[in-house]
Amino acid sequence: MGSLEPCGLAQALCQQVRLSKTTMAVKSDEQTLTFDELHLKALYLAAQILQKGLPVQSPIAVLSPRGINHIVSQVAVIYAGGYCVPLDIRQPDGYLNQLLSRLSCRLVITDPERQERLSQYDHLVANHEEINAHCKAQTAETVISSNGPDALTHIFHTSGTTGTPKAVQLHAEGIMSRAYHGLHPIERGERFAQVSNITFDASILDIWVPLLAGAAVVIIPQDVPLDPEAFSKRLR
């Protein structure tokens, strides 16, 4: 995988981008992004986040399903120095608003299909297909976060089946420890299936751990793992 000494999650990924520019980073059906393309698209979105003038280490909600737009959104939030709050698109807005209000969240990133939801919050729309090389000039001055390994990067919520959903914090050092010192070393260019629900902390293993190692995240549609035969074909 190569020896990396990152100071935080954003800088760690940037180091891997420099090592793996043309390597595939994300695949969803016939669509793919290299590490350089993922970096460019996330940097463009991060510049938009920074224009909102939020304090450093602000919670930023991501309301989009498993897919390229979701991954670009998460990377953009980390690049901008915030922390991700992935939301379940199947939950009603009233429930999601309760979660976000407890965090004093001000900004929600959606995909194009969900841009009318949670209308009481400031919005950005992530559409990776509309972010192309022409956007590079607009990101030239964007400063990527230098948050350290102790920085908060994600908040996930428990199901709340026994009461009020609880916020669970994840920090950069825990994610990087899994990527760099896990039991099973990951090689650049390997492929990892993204099958975990993006509102569960296990999704970090599907998204950030492969990316930090220079491996590709292969997005598996949500219904496929429920069909063993279809899932087996996808994994081949």
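Attention in this report is confined to the structure presented alongside it. For clarity, every value in this text was computed on a predicted model and none was experimentally measured.

## Examining the overall build of the protein
Scanning the protein from N- to C-terminus turns up seven helices and ten strands. Expressed as a percentage of the 236 residues in the protein, the buried residues total 52%. Across the protein, contacts joining residues at least 24 apart in sequence account for 69% of those joining residues at least 6 apart. A total of about 11400 Å² of accessible surface is found on the protein, and carbon and sulfur atoms cover 49% of it.

## Looking at the environment of arginine 102
Locating arginine 102 in the fold gives a position in helix H4 (residues 93-102). Measuring from C-alpha to C-alpha, the distance between arginine 102 and alanine 167 comes to 9.3 Å, with 65 residues separating the pair along the chain. In contact with arginine 102, not counting residues within four places along its chain, are Thr164 and Pro165.

## Section: the sheet that holds strand E9 (residues 191-194)
Sheet strands pair by backbone hydrogen bonding; their relative direction is either parallel or antiparallel. An order of E2-E1-E10-E9 is seen for the four strands of this open sheet, with the pairing classed as mixed. The sheet is open, and its two edges are formed by strand E2 (31-34) and E9, each paired on a single side. On average, each strand axis in the sheet is tilted by 20° relative to the strand beside it, whichever way the strands run. Note that E9 and strand E10 (residues 216-219) share four bridges and pair parallel. Its bridge partner lying in E10, alanine 193 is registered against valine 218. Each of strand E1 (24-28) and E2 is contacted by helix H2 (residues 35-50), which is oriented at about 85° to E2, the strand it contacts most.

## Brief notes about the pairing of strand E3 (residues 59-63)
Buried residues dominate E3, accounting for five of its five residues. Burial along E3 is two-sided: Pro59, Ala61 and Leu63 and Ile60 and Val62, pointing in opposite directions, are all buried. The pairing of E3 with strand E4 (residues 83-86) spans four bridges and is classified as parallel. In the strand pairing of E4, alanine 61 is matched with valine 85.

## Thoughts on the pattern of salt bridges
Scanning the entire structure with this criterion turns up six salt bridges. Where arginine 90 meets aspartate 88, a salt bridge forms, and the shortest distance between an N and an O atom there is 3.0 Å. Close ionic contact of aspartate 93 with arginine 117 constitutes a salt bridge, the shortest N to O distance being 2.7 Å. Linking aspartate 93 in helix H4 with arginine 117 in the loop between strand E5 (107-110) and strand E6 (122-125), this pair joins segments that are 24 residues apart in sequence.

## Quick word on the state of the cysteines
Scanning the model with the defined rule gives zero disulfides in all. Here cysteine 14 stays unpaired: no disulfide links it, and the sulfur of cysteine 7, its closest cysteine neighbor, is 9.4 Å away. With relative accessibility at 6%, the residue cysteine 14 sits in the buried group.

## Considering the side chain of threonine 153
With respect to the helices and strands, threonine 153 occurs in strand E7 (residues 152-157). The exposure class assigned to threonine 153 is buried, which follows from its relative accessible area of 3%. Ignoring any residue separated from it by four or fewer positions in sequence, one finds threonine 153 in contact with Leu9, Ile78, Tyr83, Cys84, Leu170, His171, Ala172 and Ile175.

So, how was this worked out
Residues numbered from 1 in each chain as written. Predicted model: local features only at pLDDT ≥ 70, side-chain atom pairs only at ≥ 80, totals over all residues. Heavy atoms only, no water. Helix = DSSP H or I, 4+ residues; strand = E, 2+ residues; numbered from the N terminus. Buried < 20%, exposed > 50% of the residue type's maximum accessible area, 1.4 Å probe, protein only. Contact = heavy atoms within 4.5 Å. Areas by Shrake-Rupley, 256 points an atom, 1.4 Å probe, with all protein chains shown as cover. Pairing = 2+ DSSP bridges. Axes fitted to C-alpha atoms, helices over the stretch in contact; angles between N-to-C directions. Salt bridge = Lys/Arg side-chain N within 4 Å of Asp/Glu carboxyl O. Disulfide = S-S within 2.5 Å.

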